[in-house]
Amino acid sequence: MVPQLGNTKNIVEYRGELDEPARIFFSSGKTEKTLAELDLREKNWQEMQKDYYFYVSMAKIEVFRGEIKRIAGIGDPAQHFSLAFELAQKALDLEKTALAKRLAAEALTRLFSYKSTLFIIRNSSKALDLLENAIAMDKNQYISLLLQANYYISAPKIAGGDKQKGIAIFQKILAAEHPVYSFIILNLLANEYEEEKSKEMLRKARDIYPESPWLGKLF
């Protein structure tokens, strides 16, 4: 039997079937416990057929591993993003789905923080095309929307940056009231406002996960 992939319509989840470990990580900061859970899930997938579902599920695990290690400041997050991109590419070779395109776009974009300016120049259009295609195919992928909003906010105007567009997308995601998405977005918005507004964003994030060690440290 193929494990549940999650992210069905009308259900808002953070990384599909990885929603539960994501909640644990962001709410409590239990890094080792979360990574151990990902190791177990990887072991289960290794026993499955190496098909499209295998590659997208392993790509999800690798990109989340990279995210965890980036936030916690441990290990080498870039190696996980690189592997996630390779896995997503293999999935795309089999089925050109919105999910596979989003995973490839996210992994590639994450790598920009660790690569040279030349690498970014060569791959930025590819990453944006993958992301825009993923959103066009499935407008219910909240991580795709999160990535798109972050792009609008952080990119220069000449490259399509538009802070107000980005904030509008964030508001749409916040309306879904998913704790992980809301916690991440409020932390991100805290970097975009002046002191008082920034403190307000962090207070709201603290209300979601009072015991999280990542408050104000995600970005």
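All figures in this text were calculated on a predicted structure; none of them were measured in a lab.

Calculation notes
Residues numbered from 1 in each chain as written. Predicted model: local features only at pLDDT ≥ 70, side-chain atom pairs only at ≥ 80, totals over all residues. Heavy atoms only, no water. Helix = DSSP H or I, 4+ residues; strand = E, 2+ residues; numbered from the N terminus. Rg over C-alpha atoms; globule rule 2.2 N^0.38 Å. Areas by Shrake-Rupley, 256 points an atom, 1.4 Å probe, with all protein chains shown as cover. Core = buried A, V, L, I, M, F, W, Y, C linked by side-chain atoms within 4.5 Å. Buried < 20%, exposed > 50% of the residue type's maximum accessible area, 1.4 Å probe, protein only. Axes fitted to C-alpha atoms, helices over the stretch in contact; angles between N-to-C directions. Parallel < 35°, antiparallel > 145°, perpendicular 65-115°, else oblique. Left-handed = near helix turned anticlockwise from the far one by under 90°. Contact = heavy atoms within 4.5 Å. Nonpolar A, V, L, I, M, F, W, Y, C, P; charged D, E, K, R; others polar. 1 Å grid on protein atoms, 1.4 Å probe; cavity = no way out; pocket = protein on both sides within 12 Å on 5 of 7 lines; lining within 4 Å. Points joined across faces, edges and corners; volume = space filled by probe spheres on them. Phe/Tyr/Trp six-rings, centres within 6.5 Å; stacked < 30°, edge-to-face > 60°. Lys NZ or Arg CZ within 6 Å of the ring centre and 35° of its normal. Expected span 1.5 Å × (residues − 1). Polar contact = N/O pair within 3.5 Å; in protein donor to acceptor, adjacent residues only side chain to side chain.

Trainee: Please explain the overall build of the protein as it appears in this structure.
Mentor: On a plain count of helices and strands, the protein comes out with 10 helices and zero strands. Scanning the protein from its N terminus toward the C terminus, one meets helices and strands in the order α-α-α-α-α-α-α-α-α-α. In summary, the protein has a C-alpha radius of gyration of 17 Å against a globular reference of 17 Å for 219 residues, a match within 12%. For the protein, the exposed area adds up to about 11,300 Å²; of that, 51% sits on carbon and sulfur atoms.

Trainee: Would you explain the nonpolar core in this entry?
Mentor: As a rule of thumb, nonpolar side chains are buried together in soluble globular proteins. Grouped together as the largest cluster of nonpolar side chains are 68 residues, with contacts concentrated most on Tyr 14, Phe 26, Phe 64, Phe 170, Ile 173 and Phe 183. The element contributing the most residues to this core is helix α3 (residues 52-72), with 11 residues.

Trainee: It is not clear to me how the packing of helix α2 (residues 31-46) against α3 should be interpreted in this structure. Could you clarify?
Mentor: Each pair of packed helices can be summarised by the angle the axes make with each other and by the distance between the axes. One can describe the packing of α2 onto α3 by two numbers: an axis separation of 10 Å at closest approach and a directional angle of 165°. Put simply, α2 runs roughly antiparallel to α3. Crossing hand, α2 versus α3: left-handed. Of the residues in α3, those touching α2 at Thr 31, Thr 34, Leu 35, Leu 38, Asp 39, Arg 41, Glu 42, Trp 45 and Gln 46 are Tyr 53, Phe 54, Ser 57, Met 58, Ile 61, Phe 64, Arg 65, Ile 68, Lys 69 and Ala 72. Classifying every residue of the contact of α2 with α3 by side-chain character gives 10 nonpolar, four polar and five charged.

Trainee: What is the right way to read the layout of surface pockets from this model?
Mentor: Any space left empty among the atoms is revealed by the rolling of a water-sized probe across them. Empty space within the largest pocket amounts to approximately 750 Å³. As for the largest pocket, its lining consists of 32 residues, and the residues nearest its centre are Thr 109, Arg 110, Leu 147, Asn 150 and Ser 154. Contributing elements (two or more residues each) for the lining of the largest pocket: α3, α5 (98-111), α6 (117-137), α7 (142-154) and α9 (179-190).

Trainee: What should I look at first to understand unusual backbone geometry in this one?
Mentor: For residues other than glycine, phi is negative in most cases, and the peptide bonds are mostly trans. Despite not being glycine, Arg 15 has its phi angle at roughly 65°, a positive value. Structurally, the position occupied by Arg 15 is in the segment before α1 (19-28). Not every positive phi belongs to a glycine, and Glu 177 is a case in point at roughly 60°. Take Glu 177: it is sitting in the loop between α8 (163-174) and α9.

Trainee: What's the story with the packing of helix α4 (residues 77-94) against α5 in this structure? I'm lost.
Mentor: Where α4 meets α5, the closest approach of the two axes is 8 Å, and the angle between their N-to-C directions is 155°. Between α4 and α5, the angle is such that the two are roughly antiparallel. You can see that α4 and α5 cross each other, and the crossing is left-handed. Every residue of α5 that contacts α4 at Ala 78, Phe 81, Ser 82, Ala 84, Phe 85, Ala 88, Ala 91 and Leu 92 is listed here: Ala 100, Lys 101, Leu 103, Ala 104, Ala 107, Leu 108, Arg 110 and Leu 111. Of the residues assigned to the contact of α4 with α5, the class counts are 13 nonpolar, one polar and two charged.

Trainee: Help me out: how do you make sense of the packing of aromatic side chains in this one?
Mentor: Aromatic ring pairs are described here by two measures, namely the spacing of the ring centres and the angle between the planes. Within the structure shown, the criterion is met by 12 aromatic pairs. Ring centres of Tyr 14 and Phe 26 lie 5.8 Å apart, and the angle between their planes is 90°; on these two criteria the pair is classed as edge-to-face. With a gap of 12 residues between them, Tyr 14 in the segment before α1 and Phe 26 in helix α1 connect regions that are remote in the sequence. Comparing Tyr 14 with Phe 26 shows no difference in burial state: the two are buried. Joined through ring pairs, the aromatic side chains of Tyr 14, Phe 25, Phe 26, Phe 64, Tyr 142, Tyr 181 and Trp 214 make up one cluster. The ring of Tyr 193 has Lys 163 lying over it, and the distance from NZ or CZ to the ring centre is 6.0 Å.

Trainee: Can you walk me through α3 in this structure?
Mentor: Along an α-helix, a turn takes 3.6 residues, which lines up residues three or four apart on a common side. The end-to-end C-alpha separation of α3 is 30 Å, in line with the 30 Å expected for 21 residues at 1.5 Å each. With 18 of its 21 residues buried, α3 lies for the most part within the structure. Among the residues of α3, the N-terminal cap falls to Asp 51, whose side-chain oxygen and the backbone nitrogen of Tyr 53 are separated by 3.2 Å. Positive backbone phi, approximately 70°, marks Gly 73, located one or two places after α3.

Trainee: Is there a simple way to explain the environment of Ala 104 in this structure?
Mentor: Checked against the element boundaries, Ala 104 lands in helix α5. Here Ala 104 falls in the buried class, since its relative accessible area comes to 0%. Taking the C-alpha atoms as reference points, Ala 104 and Lys 43, 61 residues apart in sequence, are found 22 Å from one another. With residues near it in sequence (within four places) discarded, Ala 104 still touches Phe 85, Ala 88, Leu 92 and Leu 130.

Read these as geometric descriptors, not functional statements.
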